[in-house]
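Chain by chain, the residues:
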Amino acid sequence: MFGRLSEDTALQNLKDTDEDSEFLFYILPLAGGDWKTRSYSGEAASSHTGDKARLEYAFTMTILNPDALLVRDYNDTRLGVMGVMQDTLRNKTKDGLRDEAAVRADIQFQIDRLLRDINQTAELSAAIESAYFPLPAVGGQQALGANEKDSQEPRRAGHGTKEDYQSLLALKTSDYAGMSIADFNAKLLAWADGDFSRTERVDADMLCNDFQVSLSEEELGFIRLTVFLSGTENGEFVQSNYTGGPVADPAYQKSLPQKTGTSNGKSPLWCDFGYRFSYHIANQETLTVGERDC
């Protein structure tokens, strides 16, 4: 039955606007064999005429306690995620939509807020992935950078201070690469727990790639790779403590620089590419930081 539904194009087109079609595609499958974990996807576009910025997203919802979770609450959570993602690009100026770093930071802020609200419950957990495709650059010019943005989206926190980075770089000891993942992650978690505001400032700098403190290439590499990976792993560890579920595999995402040009010297052209992958650490006690980072 479910297989035939997926072949019905007319019903597919109505599943997000018609109550009966919504029930058939989103609610009824919960009675099937794969009810525990289900994945959904969607796309949002900016409201301006002409070229549009796009946000593609996918999210997975896992039922942790089927005896306590109501179908209504499950569906409200699904609709809530889709609603937030659909609204993310609305009311942004065209220049703001071209500010790729700022928009992605805002998207990540919205995702983090959604996941915090969902995963603090004992009945349901979720994971969300997204890919942002900004407006083409105007006249072949590069999109605005994080420091040149003309949008209304503020940073999530102020800039990291010299003292913030001195405390973080204290973890970059001469032997840190030989430390086990378990030991280094514990030190980073203690640093993050020591001052939440400091952690937010450094996280905002990393998200926007906007550092106001003078850092060497080696120090930036340590922050962008080692601290980022361990921070992601710690995030999954903390989340599992809230949900009571297993620790999810961390993921790494990279967006490559945008390429721009012109067609016949007139129409602007642009190309955007990124990649994302997850990884699994079988034993954090034996794997070293250097082995992971290489």
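K.L.:
Help me understand a nonpolar patch on the surface in this model?
P.N.:
A grouping of Phe 273, Tyr 275 and Phe 277 is seen on the molecular surface, where their side chains present a nonpolar patch of about 310 Å² in accessible area. Locating Phe 273 in the fold gives a position in the loop between strand S6 (267–271) and strand S7 (274–278).

K.L.:
Which parts of the structure should I look at to understand helix H7 (residues 162–169)?
P.N.:
An α-helical segment advances 3.6 residues per turn. Residues three or four places apart therefore align on the same side. Buried residues of H7: Asp 164, Tyr 165, Leu 168 and Leu 169, and no others. Each buried residue of H7 lies within a common arc of 120 degrees when the element is viewed along its axis, so the set occupies one face. Across H7 from its buried face, at more than 90 degrees, point the exposed residues Lys 162 and Glu 163.

K.L.:
Would you take a moment to explain the environment of Arg 72 for this structure?
P.N.:
Positionally, Arg 72 belongs in helix H4 (residues 71–87). Judged by its relative accessible area of 55%, Arg 72 is exposed. Through-space distance from the C-alpha of Arg 72 to that of Ile 27 is 9.3 Å; in sequence the pair is 45 residues apart.

K.L.:
Please explain the side chain of Thr 62 as it appears in this structure.
P.N.:
Take Thr 62: it is sitting in strand S2 (residues 54–63). Judged by its relative accessible area of 18%, Thr 62 falls in the buried class. For Thr 62, the side chain forms a polar contact with the side chain of Thr 37, separated by 3.2 Å.

K.L.:
Can you help me understand the sheet that holds strand S3 (residues 124–133) in this one?
P.N.:
Strands pair in a sheet through their backbones, by hydrogen bonds, and they do so in one of two ways: parallel or antiparallel. Spatial ordering of the open sheet is given by S1-S2-S3, a layout of three strands whose pairing is antiparallel. Edge positions in the open sheet fall to strand S1 (37–45) and S3, since each of these has one partner strand only. Neighbouring strand axes in the sheet, compared pairwise and without regard to direction, differ in orientation by 15 degrees on average. Two strands pair when backbone bridges link them, and S1 and S2 are joined in this way by nine bridges, in the antiparallel orientation. In the strand pairing of S2, Tyr 40 is matched with Phe 59. Contacts between H4 and the sheet are confined to S1, S2 and S3, with S2 contributing the most and set at about 160 degrees to the helix. Across the sheet, helix H6 (residues 100–119) touches S2 and S3, and the angle it forms with S3 is around 170 degrees.

K.L.:
Where do I start with the packing of aromatic side chains in this structure?
P.N.:
The geometry of two aromatic rings is summed up by the distance between their centres and the angle between their planes. Inspection of the entire model under this criterion finds six aromatic pairs. Aromatic pair Tyr 57 and Phe 59: ring centres 6.4 Å apart, planes at 15 degrees, arrangement stacked. The pair Tyr 57 / Phe 59 is uniform in exposure class, with both members buried. Plain terms: the ring middles of Phe 184 and Phe 222 are 6.1 Å apart, the flat faces sit at 90 degrees to each other, and that makes the pair edge-to-face. Of this pair, Phe 184 sits in helix H8 (residues 181–194) while Phe 222 sits in helix H10 (residues 217–243), and the two are 38 residues apart along the sequence. Each member of the pair, Phe 184 as well as Phe 222, is classed as buried. Sitting over the ring of Phe 133, Arg 54 keeps its end group 4.5 Å from the ring centre. A cation sits over an aromatic face here: Arg 78 above Tyr 40, 6.0 Å from the ring centre.

Reading the values: the criteria
- Residues numbered from 1 in each chain as written.
- Predicted model: local features only at pLDDT ≥ 70, side-chain atom pairs only at ≥ 80, totals over all residues.
- Heavy atoms only, no water.
- Patch = residues over 30% accessible without salt bridge, like charges linked within 9 Å, V, L, I, M, F, W, Y side chains within 5 Å.
- Areas by Shrake-Rupley, 256 points an atom, 1.4 Å probe, with all protein chains shown as cover.
- Salt bridge = Lys/Arg side-chain N within 4 Å of Asp/Glu carboxyl O.
- Helix = DSSP H or I, 4+ residues; strand = E, 2+ residues; numbered from the N terminus.
- Buried < 20%, exposed > 50% of the residue type's maximum accessible area, 1.4 Å probe, protein only.
- Arc of directions from axis to C-beta.
- Polar contact = N/O pair within 3.5 Å; in protein donor to acceptor, adjacent residues only side chain to side chain.
- Pairing = 2+ DSSP bridges.
- Axes fitted to C-alpha atoms, helices over the stretch in contact; angles between N-to-C directions.
- Contact = heavy atoms within 4.5 Å.
- Phe/Tyr/Trp six-rings, centres within 6.5 Å; stacked < 30°, edge-to-face > 60°.
- Lys NZ or Arg CZ within 6 Å of the ring centre and 35° of its normal.

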